[in-house]
Amino acid sequence: DIQMTQSPSSMSASLGDRVTITCQASQDIGNNLIWFQQKPGKSPRPMIYYATNLANGVPSRFSGSRSGSDYSLTISSLESEDMADYHCLQYKQYPYTFGAGTKLELK
Amino acid sequence: EVQLVESGGGLVQPGRSLKLSCAASGFTFSNYYMAWVRQAPKKGLEWVATISTSGSRTYYPDSVKGRFTISRDNAKSSLYLQMNSLKSEDTATYYCARAGVAAISWFAYWGQGTLVTVSS
């Protein structure tokens, strides 16, 4: 199975900060990676698909990138509505596997 | 508008069975792979099952293989998850998700989830 190592597990940042969350894949997944945002009591919302593509309705301050087996979600200028949990998912092969999640909080 | 509405969750004793349902609307259900994803309380997400458009192919992780069965009724635009031999570690919110038109595709739409609690 492909392991997705997500970091950090939690972080606090200030409004306007640039924030980066990373997932490292244990095997080649190409660009078959998606980032989800999840707020308390809500279902996950796709933010970035195929590693770098912005999902419908997602603000342009969000972006995704890839460097080898490392995949990053970046928020260029943090806003209060961005406080949430973030999860990565590889969908290159079954079993699909998620990262452990990152809790983003306001400093 | 795509809508996915799960039902069937509740409290169940260890070793017993439960069947979840997901009613889909707003898209041509038979054209899409469908999946179940779960989230234990205060934990991360775990993929549970995927089914092909016709229902002829199914995929499971080892953690539920042999105990859970995903199925669909395209005429009713409905997805199901039959869960047998339930364990305490199956306690989670179960989400229905719409994938794409191919076996390898991502989850673009999610339901609101239904909570399953396995406890005596």
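In what follows, the structure referred to is the one given above.
Rules used in this analysis
Residues numbered from 1 in each chain as written. Chains lettered and ligands numbered in written order. Predicted model: local features only at pLDDT ≥ 70, side-chain atom pairs only at ≥ 80, totals over all residues. Heavy atoms only, no water. Salt bridge = Lys/Arg side-chain N within 4 Å of Asp/Glu carboxyl O. Helix = DSSP H or I, 4+ residues; strand = E, 2+ residues; numbered from the N terminus. Buried < 20%, exposed > 50% of the residue type's maximum accessible area, 1.4 Å probe, protein only. Disulfide = S-S within 2.5 Å. Pairing = 2+ DSSP bridges. Contact = heavy atoms within 4.5 Å. Core = buried A, V, L, I, M, F, W, Y, C linked by side-chain atoms within 4.5 Å. 1 Å grid on protein atoms, 1.4 Å probe; cavity = no way out; pocket = protein on both sides within 12 Å on 5 of 7 lines; lining within 4 Å. Points joined across faces, edges and corners; volume = space filled by probe spheres on them. Nonpolar A, V, L, I, M, F, W, Y, C, P; charged D, E, K, R; others polar.

**Some details on the pattern of salt bridges**
Residues and elements named next belong to chain A.
Okay, step 1: Using the criterion set out here, one finds 9 salt bridges over all chains in the structure.
Okay, step 2: A salt bridge links Arg61 to Asp82, with the shortest nitrogen-to-oxygen separation between them at 2.7 Å. Of this pair, Arg61 sits in the loop between strand 6 (53-54) and strand 7 (62-67) while Asp82 sits in the loop between strand 8 (70-75) and strand 9 (84-90), placing them 21 residues apart in sequence. A single burial state applies to Arg61 and to Asp82, both of which are buried.

**Quick look at the state of the cysteines**
Okay, step 1: In this structure the tally under the stated criterion is 2 disulfides over all chains.
Okay, step 2: In this model, Cys23 of chain A is linked to Cys88 of chain A through a disulfide, with the two sulfur atoms separated by 1.9 Å. Here the disulfide of Cys23 of chain A and Cys88 of chain A is left-handed, its torsion about the S-S bond being about -90 degrees. Residue Cys23 of chain A is located in strand 3 (residues 19-25), and its partner Cys88 of chain A is located in strand 9; the two are separated by 65 residues in the primary sequence. By the burial criterion, Cys23 of chain A is buried, and Cys88 of chain A matches it.
Okay, step 3: A sulfur-sulfur distance of 2.1 Å marks the disulfide that ties Cys22 of chain B to Cys96 of chain B. Its S-S torsion of about -65 degrees marks the bond between Cys22 of chain B and Cys96 of chain B as left-handed, since a negative value means left-handed. Here Cys22 of chain B, found in strand 3 (residues 18-25), pairs with Cys96 of chain B, found in strand 9 (residues 92-98); they are 74 residues apart in sequence, far enough to count as distant. Side by side, Cys22 of chain B and Cys96 of chain B carry an identical accessibility label, which is buried.

**Thoughts on the pairing of strand 7 of chain A**
Regular strands place side chains that alternate from one sheet face to the opposite one.
Residues and elements named next belong to chain A.
Okay, step 1: Here 6 bridges tie strand 7 to strand 8, and the two strands are oriented antiparallel to one another. By the bridge assignment for strand 8, Arg66 is matched with Tyr71.
Okay, step 2: Taking the residues that link successive antiparallel strands as the turn, the strand 7-strand 8 hairpin has 2 residues, and the phi of Gly68 there is positive, at about 65 degrees.

**Re the environment of Ser30 of chain B**
Residues and elements named next belong to chain B.
Okay, step 1: Position of Ser30 among the secondary structure elements: in the loop between strand 3 and strand 4 (34-39).
Okay, step 2: For Ser30 and Ala75, which are 45 residues apart along the polypeptide, the C-alpha to C-alpha distance reads 8.2 Å.
Okay, step 3: The contact partners of Ser30, leaving out residues within four places of it in the chain, are Thr53, Arg72 and Asn74.

**Some words on the nonpolar core**
The nonpolar side chains of a soluble globular protein tend to be buried with one another.
Okay, step 1: Among the nonpolar cores identified, the biggest contains 28 residues, and Trp36, Leu79, Leu81, Met83 and Tyr94 of chain B are the most heavily contacted of them.
Okay, step 2: When contributions to this core are tallied by element, the ones reaching two or more residues are strand 3, strand 4, strand 5 (45-51), strand 7 (68-73), strand 8 (78-83), strand 9 and strand 11 (114-118) of chain B.
Okay, step 3: The element that contributes the greatest number of residues to this core is strand 3 of chain B, accounting for 4 residues.
Okay, step 4: In this structure, Leu33, Trp35, Leu73 and Tyr86 of chain A belong to the second largest nonpolar core, which totals 25 residues.

**Brief notes about the layout of surface pockets**
A water-sized probe rolled over the atoms picks out the places where empty space is left.
Okay, step 1: The computed volume of the largest pocket comes to approximately 460 Å³.
Okay, step 2: Residue assignment for the lining of the largest pocket shows that the elements contributing at least two residues are strand 9 and strand 11 (102-106) of chain A together with strand 9 of chain B.
Okay, step 3: With 3 residues, the top contributor of residues to the lining of the largest pocket is strand 9 of chain B.
Okay, step 4: Along the walls of the second largest pocket sit 14 residues, with Arg45, Pro46 and Asn56 of chain A together with Ala108 and Tyr109 of chain B positioned nearest its centre.
Okay, step 5: Breaking the lining of the second largest pocket down by element, the ones donating at least two residues are strand 5 (45-49) of chain A together with strand 1 (3-7) and strand 10 (109-110) of chain B.
Okay, step 6: Each residue belonging to the lining of the second largest pocket can be placed in one class, and the counts come to 10 nonpolar, 3 polar and 1 charged.

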